[in-house]
Structure formats: structure tokens, C-alpha cells
There are 2 protein chains.
Amino acid sequence: MMKKPSVTLLGAGLVGSLFAVFLAKRGFEVHIFEKRSDPRTSAKDQGRSINLALSHRGWKALRAVGLEEEVRKLAIPMKGRMIHDHEGAQTFQAYSKEGKSIYSISRLALNTLLIEAADAHDAIHFHFNHNCLAIQEDEITFFHTKKQKIIRVKPQLVIGTDGANSVVRKRINQLVKADFEETFLEHGYKELSIPAGENNTFLLDPHALHIWPRKQFMLIALPNPDKTFTCTLFLAYEGERSFDQLTSVEAVNAFFAQEFSDVHTLIPDLSKQFFENPTSFLSTVKTYPWHYEDKFLIMGDAAHAIVPFYGQGMNAGFEDCSVLAELLEEYRNDWSKVLPAFSKHRKKDGDAIATLALNNFVEMRDSVIDEHFLAKKQKIAELYEQDPNKWMPLYEMVTFSDYSYSEALQKGKEQEQKIVAML
Amino acid sequence: MMKKPSVTLLGAGLVGSLFAVFLAKRGFEVHIFEKRSDPRTSAKDQGRSINLALSHRGWKALRAVGLEEEVRKLAIPMKGRMIHDHEGAQTFQAYSKEGKSIYSISRLALNTLLIEAADAHDAIHFHFNHNCLAIQEDEITFFHTKKQKIIRVKPQLVIGTDGANSVVRKRINQLVKADFEETFLEHGYKELSIPAGENNTFLLDPHALHIWPRKQFMLIALPNPDKTFTCTLFLAYEGERSFDQLTSVEAVNAFFAQEFSDVHTLIPDLSKQFFENPTSFLSTVKTYPWHYEDKFLIMGDAAHAIVPFYGQGMNAGFEDCSVLAELLEEYRNDWSKVLPAFSKHRKKDGDAIATLALNNFVEMRDSVIDEHFLAKKQKIAELYEQDPNKWMPLYEMVTFSDYSYSEALQKGKEQEQKIVAML
């Protein structure tokens, strides 16, 4: 058994705080540095939300460290897509034949739960308000934003769970000639809130992920425990139907009245929300390698930030935790072997889910109302029922199975070709 | 004559807006992207100040583009250091025998003037509120913080005048194996303001740079046109005398009463200012190369951020403008030759002023009250008077001469050794 080093995590978001628990359970001493303040005492300082949808890979990682049950209490099952047409008529498409669900959950509530769970371990030490200024040879420099002072730390192994704009990734990319690419979507997004109805009821079916697919753009809505829905409008920045065209109260109201008539009536302060809430961008980050020697590693969004359309960003990050824990088991905690193995093994899955997520944007906003697409979907559902070992819908593989993302992508392509030939 | 490309500057700070004028005068089309808002219409959004001291190299660059006279109207001459002892007794040390001054100037006022001067050129185009998200092969992605949209630009040549945290530098460091180092000072700093006196008068001599040298820490004060002084306290983060010790109103008042008794009486709301104003850090950035092919170049703080103790940060950046303009003249606007020549030629001066600035911290906070130091200073002043071609005080070389910083550093060392032997 190798000597267990202390591990330094940069970023106490979802992946960082969950992986800390994995590490503590393997006997490691863990220090987590986070630039934001502690969400348990200050909820203001948190980042953007985007609704989260927990599915199989996420649950599996939570289960491995005994957190599934606690998290389940915060989650609202969504059994399928509820498609809204222009007039407000709704059509339900189940996610799976067996009634499997994905689960809507609040990022802040989940992150707080994970931090609490991690902090219960004596071996895990949280350091909030630590803004990383520089990572160097054997020292990390932080600026403590509350104490307003420079803090220097000499870490052994540093794992970047610090998101799409990761400083650990930037450090790795300085040390090796990295293959790095960030691609920005032509669409931005804006969040809006549908209030709870009278007597504290949901104004839409809470057990569905609601979609208003409009080909070049779309609106989605996910339920919250307080009976509200968080909507996200995905819309191009420029062009005929775009954020560029929505610069007046009249234009916003006309757009929603025409495109999302039912939502328009559900949000009384629509234009106020529209102009107060920020428009944000979406990007895909691909990079390689994910590690440097036995010193630096990145995981989660830091290694593979993806667009949100497959609901897999968090699930992919949580699966990173599972995969990395398995490698630690396999290599008996020898990080010098685990780091390159993770980087090499997991990269193809990061690339695959990035592609799947981009493709699913087209599916959600356009294909779900396309007859040819629905016919293919029907066909594969039938084949799956006849022989689940031979056929499986792509969504099922990605969301509810243990197929790796790269296997799912490959098998999905092959099935698609066969089915197109059948129809 | 080579074809003149359009030049893209990232950062409309002091160096960016001044160099734009140099470029316009040479016939280039210039686009400047700046993440902050236009200081002419919104003064809120500006960064930290730290008093600026304009000296020879800065004036020379301003003169070259005809801006010296206008800037002179905003500047307050400081003829020397005014040393304050614990009891408030003041001793004046002139900067030069000939009565030469350095000039206190407001960063915001100067930046606004430079932006106005640049904007008067048809060839210069400002793009404010453009936050750079990514620099790639042939495209820069910005997020327009007011319009909340992604903007893509395909630049030819990109010059980073984007300060100590330069994104252009980070891009260069991705493309080549760069030699990069950022070193943080053990001291932080905090700004405080001495108000104007009754009848709108200065409470201290306005024609001096005031110093309270206390060996391990110091306070300085520079005059402003509104008759106030901006003070900066430089103090260690940790230790016996440190920001760590100043966490209560009582501790702050006791510290100032003991160490800076005269200032203590001049700032009625001292502890309020102390706890409201941020503590900030200081660092030195060294990097090489400063360019990549004929595509990217960095100058100013982006290439050589230094600590403020020689009052040379802005002057070094302005001298970069002069040096780069001379190279454009020499190589007839052929950027493919100018970029490597600037990088190679100027790097040693960036390194030299970084060293000089760090050394001057010791001089300001400690040596200015050391008898041995004063004896050496007296001796070199005498030698300089006898033979100004052979001897020149280091401060004179750095602040008032055309010696390059590297020559000044070298010649300063040699003189020092000779003088030590004489005494």
C-alpha cells in the first residue's frame, strides 16, 4: 500500500464536495478551497443555477457513498417530456417504458447537502472565500476575500473541481502542450420563474420536464419543491428570432404571446423578469490531458464542460467520482498510476457526452415534433421491448444505463443506421 | 512598405489607449476592446487606483504624440520625498539637484484624457463592456456585459494591454512553452484619504511625496488636485506588525497613533475608512516570450507587472509605447520583425525595473532613515555634481534619464560598489 497523500481540491461545488467524501472514505486527508462563501451561511454568493436533472449515473455515485436517500428527499421525479405546442396543448413522451424518471433538484440545495455531508468527516477541511490567484511549482496562492489577505499553501496532489473556467486546467495547459478548445454556442439562455399557483399548487404537471420546442429555439421548465417552475429560454443571440430582437417590453410580450402562449399567462411579471435576469452564454470545453504527473488532475466541468441539453453535466461529473474511486481501488491508491489512467480512460467519455449534449439540443428544440423522428423512436422502443439485450434507445443508454458515454454514442449511431434502413 | 494590418488592442487602460494613438499616427486602423464601461460616462466601474507618479519616460511618450501639455494640466509636481518621523517631524529629500519633479496624477483622470484623445482619431474604435471569454486560433469571443450577448471578432494582430492578469499572455503561454512566474509580496496595501483642509487647502505640503518609513512597513501620501491626499499603507499580512493584528477599531487607532501620529489627527474617520476600504495584494509578473509569431504581443503590465515602489509601472508601460513605435519605424511597420525584436530587446528592461521596484521598497520603508544610506547618497550626489557624465544617482537614472532600466540597474550596482569602497 502506497503512502496516502493529503489531497487538495480546488472548488467545493457539486463534484468537489462529493469527491471529497469518496476520498475521506478511502482514508485520505482532504482540503477543499472554494472562492465563494459557505452556502450554509450565505446563499447570496452562489453562481448561476440552470435546473439540474439527476439520473442514473448521478444516483449511482451518491449511492456509493451512502447519500442517495438523503438527496432523494430533495428531488422531484420527472417521468417524461411534456411537449407544449403554440396553443398550449400538451403531449407527454415518457422517458422510458418502465416508468423510470429523471429528478429535478436545486443546485444550491444539493450543494449544501453535499458540503454538510463532507464536513461531517473529520478528514475533510473546507476553506471558503479562498480565491485562487496563482498555482505554481509547489505553492498555491489564494486571496482570502473576507480576511483580505494572501494565503499560501503547499499542496501535494491538487484536483481541480473548479468548473468550466478551471485554473487547475490552465496550470496543466502551461506545463504541457495541451490540446484545448472552448466552443461557444450561438444561443444564449435566460432563466424565468413560473410562480406557484393558488393554495400552493403547481401550475403545470410537476412530474414532467416541460418543453416548448420551436425548432431554432426553445423554452423548458423544471419543477421546484416550493411549487414554482424554473424556465430556461434558449435563443440565438442574433437573427430573426433572437435576443437581439427582444429589447422592448412590447417585443417580449408579443414574442411570448405568439410562441409560448400558455407560459405567457402564467408569468404575470414576465417582462420585468426578462429584463432583470441576465442572459448567459453556453460553451463546450474539450482539453487533453486531464492530468500532470502525479501533481494535478481535473474532473467534472473543469475537464469536460458541456451544454445542458442532455441533463448530463452533473451526472458526468458524479460519474467521474465513481470512475476515479474505482481506479484508486484498482491501483491501490497509487496516484502516479491513477492520474494518467483516469485521463486516458475517461477522456473519450467526456468527448462523447459533449457531442451527445450538442445533438440533443436539436432533438429537444426540433426533432421531438418531427414525425420521422417519432417513427424512429417508436420503432426502437418496439425493438427494445422485444430484445433489450440487443436494442436500447439512445436516451435510455445515456440516462438510465451503465453503458459508457462513448459506447452509448457509438451504439446509438449503429442502431440509428439500422432503423433508418428498416423504415 | 508592408501592407498595414488593422490592430486589435485588448484593454483600454493607460497603455492601451496611449498606444492606440501611436498606431493611429502611423496610419493603422485600431480596435480597442475593454471589459469595463466607458470611464467618460460611468466612473463607477473603474479598478483600483494606487497613486500614479509620472516621470521622464512617461512624459517622453506623451510628448511623442503631442499629449504632454494637456496631461501637464492634471499633474501636481512633487520635488522630493518628505520623510515623517514618529512625532510628525518632517525632513525633505529632493529627488534631484536640479529641482526635477515627478508628477502626481489621477489614474481615472489620465485614462479618461487618453481615451478622449484616442477617440478623436477616426482610425481608432473603442468597444467598451467587452469581456474577453476566449482567444482562439483566429477568433476572439467576448461577452458584451451590457447587451448580454456573445460577440465574435476575427482579428489580425492582437496586442494585449490588459494588465497583470492578461488573457493575451495566457494565450501566448498556451501556444509556446513560456517562462512564466508571478511572485506575490508578503505585504498587502490599503488606501486611505486625507481630506482637504479648511478653505480648500492642502493639509500637507502638496509638492512632495510623503513617506512614513517604519522599516518593515510604511505609509505614503500623494496629493490630488481637489486638495486631498491619497495615502497607501503597505503592511505585512502576518506577523507582529501586520494587517492580521488590525482587526478592531481600537487596534487601528492605537497603531496609527503610535506609528503615524500626524496622519492620525488628519483623518477623522480613520477606522471607518480602514474597515470599508479593501486590502489588496501586490505581485510581480515575469514572462517570456512577449509575442507569438506575428499574431500576439503583450506590453505594459501584461508583460511586466511590477510592485509600485519605484513609481515606474505606468512609465515603463508608456516607454513600451515609445520603444515599439521606434521599432515600427526601424522595420517599416513589418510586424513580423517588430514583434520578436520588441520581445527580445525589451524583456531585459522589464526584468530590471521589476528588480529595481522590489529593491526600492526596502529603500523607501527603511534605508531613507539609515545614516549609512544617506552618506552614500550624499557621496554620489557630490560625484554627480563633479562629473555628471561619469556618475549618476540610481534614482536619477531610473526616473529622469534615458538610460534603459537594465543599464541603470547595472550602472547603479557598479557605482554602489565603488562608493562603498570610498566611504
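Structure first, text after, so check above.
These lines cover the structure that appears in this document, whether it is placed above or below. Keep in mind that this is a model prediction, so the values were computed, not measured.

Residues and elements named next belong to chain A. Enumeration over the complete set of coordinates arrives at 52 aromatic pairs over all chains. Ring-pair connections join several aromatic residues into one group, and the members of that group are Phe 217, Tyr 237, Phe 243, Phe 255, Phe 256, Phe 260, Phe 274 and Phe 275. Lying across the ring of Tyr 103, Arg 72 places its NZ or CZ 5.0 Å from the centre. Lying across the ring of Phe 361, Arg 365 places its NZ or CZ 4.4 Å from the centre.

Let's shift gears to the packing of helix α12 (residues 371-386) of chain A against helix α14 (residues 405-422) of chain A. Residues and elements named next belong to chain A. α14 packs onto α12 with a crossing angle of 105° between their chain directions and a minimal axis gap of 10 Å. By the angle class used here, α12 and α14 are roughly perpendicular. Packed against α12, whose contacting residues are Lys 376, Lys 379, Ile 380 and Leu 383, the element α14 presents Gln 415, Glu 416, Ile 419, Val 420 and Met 422 at the interface. Its residues assigned to classes, the contact of α12 with α14 comprises five nonpolar, one polar and three charged.

With that settled, consider empty space enclosed by the protein. Residues and elements named next belong to chain B. Here the structure, examined in full by the defined rule, presents one cavity of 30 Å³ or more. The space that makes up the largest cavity amounts to roughly 30 Å³. What lines the largest cavity is simply Ala 53, Ser 55, Ile 102, Tyr 310, Gly 311, Gln 312, Tyr 395 and Thr 399. Tallied by class, residues from the lining of the largest cavity come to four nonpolar, four polar and no charged.

Along the chain, Tyr 288 of chain A connects to Pro 289 of chain A via a cis peptide bond; the corresponding omega equals 0°. For Pro 289 of chain A, the position within the fold is in the loop between β17 (279-288) and β18 (291-292). Unlike most non-glycine residues, Asn 200 of chain A shows phi in positive territory, near 55°. Here Asn 200 of chain A shows up in the loop between β13 (179-194) and β14 (208-213). With relative accessibility at 48%, the residue Asn 200 of chain A sits in the partly exposed group. Although it is not a glycine, Lys 227 of chain B adopts a positive phi angle of roughly 75°. Tracing the chain through its elements places Lys 227 of chain B in the loop between β15 (218-223) and β16 (229-236).

Residue and element names in this part refer to chain A. Counted at 1.5 Å a residue, the expected span for α14 with its 18 residues is 26 Å, and the 25 Å between its end C-alpha atoms agrees. What α14 keeps buried is the set Tyr 405, Ser 406, Ala 408, Leu 409, Lys 411, Gly 412, Gln 415 and Ile 419. Residues of α14 that are buried in the fold lie against α2 (56-64), α10 (313-330), α11 (335-365), α12 and α13 (394-400).

Time to look at the sheet that holds strand β3 (residues 52-54) of chain A. Residue and element names in this part refer to chain A. Spatially, three strands are ordered β3-β7-β4 in an open sheet, and the strand pairing comes out antiparallel. Of all the strands in the sheet, just β3 and β4 (76-78) have a single pairing partner and so form its edges. Between one strand axis and the next, the sheet turns by 40° as a mean value, whatever way the strands run.

Attention shifts here to the side chain of Lys 376 of chain A. All names here are of chain A. With respect to the helices and strands, the residue Lys 376 is situated in helix α12. Given the relative accessible area of 15%, Lys 376 is considered buried. Once you skip the residues sitting within four places of it in the chain, Lys 376 turns out to touch Glu 416, Ile 419, Val 420 and Leu 423.

Turning our attention to the relation of the copies chain B and chain A. With an RMSD of 0.0 Å, chain B superimposes on chain A once it is rotated by 180° and translated 0.0 Å along the axis. This pairing of chains is accounted for by a two-fold axis. When each C-alpha of chain B is compared by its distance to the rotation axis, Gln 174 of chain B comes out closest, at 3.0 Å. In this assembly the copies share their binding face: 100% of the residues contributing to the interface of chain B also contribute to that of chain A.

Chain B puts 28 residues into the contact, and the matching count from chain A is 28 residues. Both faces combined, the contact of chain B with chain A buries some 2400 Å², and carbon together with sulfur accounts for 49% of it. Inspection of the region where chain B meets chain A yields six salt bridges. In this structure, Lys 149 of chain B engages Glu 238 of chain A in a salt bridge whose closest nitrogen and oxygen atoms are separated by 3.1 Å. When residues of the side of chain B that touches chain A are traced back to their parent elements, those giving at least two are β9 (130-136), β10 (139-144), β11 (149-153), α5 (167-175), β13 (179-194) and β17 (279-288) of chain B. Per element, the largest residue contribution to the side of chain B that touches chain A is seven residues, and it comes from β13 of chain B. Class assignment of the residues belonging to the side of chain B that touches chain A gives a composition of eleven nonpolar, eight polar and nine charged.

Turning to the pairing of strand β5 (residues 80-84) of chain B, a few remarks are in order. Looking along a regular strand, one sees side chains alternate from face to face of the sheet. Residue and element names in this part refer to chain B. For β5, a buried count of five out of five residues is recorded, marking the element as mostly surrounded by other parts of the structure. Across five bridges, the pairing between β5 and strand β6 (residues 90-94) is antiparallel. The residue of β6 that forms the bridge with His 84 is Gln 90. Here four bridges tie β5 to strand β14 (residues 208-213), and the two strands are oriented parallel to one another. Each residue of the ladder has a partner; that of Gly 80, found in β14, is Ala 208.

Rules and cut-offs
- Residues numbered from 1 in each chain as written.
- Chains lettered and ligands numbered in written order.
- Predicted model: local features only at pLDDT ≥ 70, side-chain atom pairs only at ≥ 80, totals over all residues.
- Heavy atoms only, no water.
- Phe/Tyr/Trp six-rings, centres within 6.5 Å; stacked < 30°, edge-to-face > 60°.
- Lys NZ or Arg CZ within 6 Å of the ring centre and 35° of its normal.
- Axes fitted to C-alpha atoms, helices over the stretch in contact; angles between N-to-C directions.
- Helix = DSSP H or I, 4+ residues; strand = E, 2+ residues; numbered from the N terminus.
- Parallel < 35°, antiparallel > 145°, perpendicular 65-115°, else oblique.
- Contact = heavy atoms within 4.5 Å.
- Nonpolar A, V, L, I, M, F, W, Y, C, P; charged D, E, K, R; others polar.
- 1 Å grid on protein atoms, 1.4 Å probe; cavity = no way out; pocket = protein on both sides within 12 Å on 5 of 7 lines; lining within 4 Å.
- Points joined across faces, edges and corners; volume = space filled by probe spheres on them.
- Buried < 20%, exposed > 50% of the residue type's maximum accessible area, 1.4 Å probe, protein only.
- Expected span 1.5 Å × (residues − 1).
- Pairing = 2+ DSSP bridges.
- Least-squares fit on C-alpha atoms with pLDDT ≥ 70 in both.
- Buried area = accessible area lost by both parts, 1.4 Å probe.
- Salt bridge = Lys/Arg side-chain N within 4 Å of Asp/Glu carboxyl O.

Function cannot be read off these values alone, since they describe shape.
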